[in-house]
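Tertiary structure, described
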Amino acid sequence: MKGQRGYIGTLQQTGFQASRHRESWLVLVWKQLRRWEQLARQRGQLARMSDEMLKDIGMSRADVMEESERHFWEDPLKK
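First, a word on what this report is: a plain description of the structure on this page.

Moving on: a nonpolar patch on the surface. On the surface, Trp25, Leu26, Val29, Trp30 and Leu33 cluster together into a nonpolar patch covering about 540 Å² of accessible area. Relative to the elements of secondary structure, Trp30 occurs in helix H1 (residues 2–47). The exposure class assigned to Trp30 is exposed, which follows from its relative accessible area of 55%.

As structure tokens, then:
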């Protein structure tokens, strides 16, 4: 019947949208984990730089110590 087809189509779309929502949520979580990993790696690399390298990028050893002691979830780009 005409009404039943619309109802079935609605159910199928709802399930599809729910799976897309779940996928997008998982993608966001994955991206956040990757960002935290990236921050931790960059802070470690910054801490291992020589004083000459730091001078080239305009940072002092105190700036580096402050940045490298931050937690991995403290993202300076996140507002």
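A separate point is the pattern of salt bridges. Evaluated as defined, the whole model comprises six salt bridges. Residues Asp51 and Arg61 are paired through a salt bridge, measuring 3.0 Å at the closest nitrogen-oxygen approach. In this pair, Asp51 sits in helix H2 (residues 51–57) while Arg61 sits in helix H3 (residues 61–68), placing the two residues 10 residues apart along the sequence. The network of salt bridges with shared partners includes Arg43, Glu67, Arg70 and Glu74.

Calculation notes
Once a new chain begins, its residue numbering starts again from 1 and follows that chain's sequence as written. Side-chain atom pairs in this predicted model are given and counted only at pLDDT of 80 or more, local residue features only at pLDDT of at least 70, and totals for whole chains, interfaces and linings cover all residues. With hydrogens and water stripped out, all remaining heavy atoms of the structure feed into the side-chain values. Like-charged residues are merged into a patch within 9 Å and nonpolar side chains (Val, Leu, Ile, Met, Phe, Trp, Tyr) within 5 Å, provided each residue has over 30% relative accessible area and no salt bridge. Residue-level accessible areas treat just the shown protein chains as cover; the underlying method is Shrake-Rupley with a 1.4 Å probe. Salt bridge, as applied in this entry: a Lys or Arg side-chain nitrogen positioned within 4 Å of an Asp or Glu carboxyl oxygen. Each helix is a run of H or I in the DSSP string that is no shorter than four residues. Each strand is a run of E no shorter than two, and both are numbered from the N terminus. The buried label applies to any residue whose accessible area, calculated with a 1.4 Å probe on protein chains only, is under 20% of its type's maximum; exposed applies above 50%, and partly exposed to all values in between.

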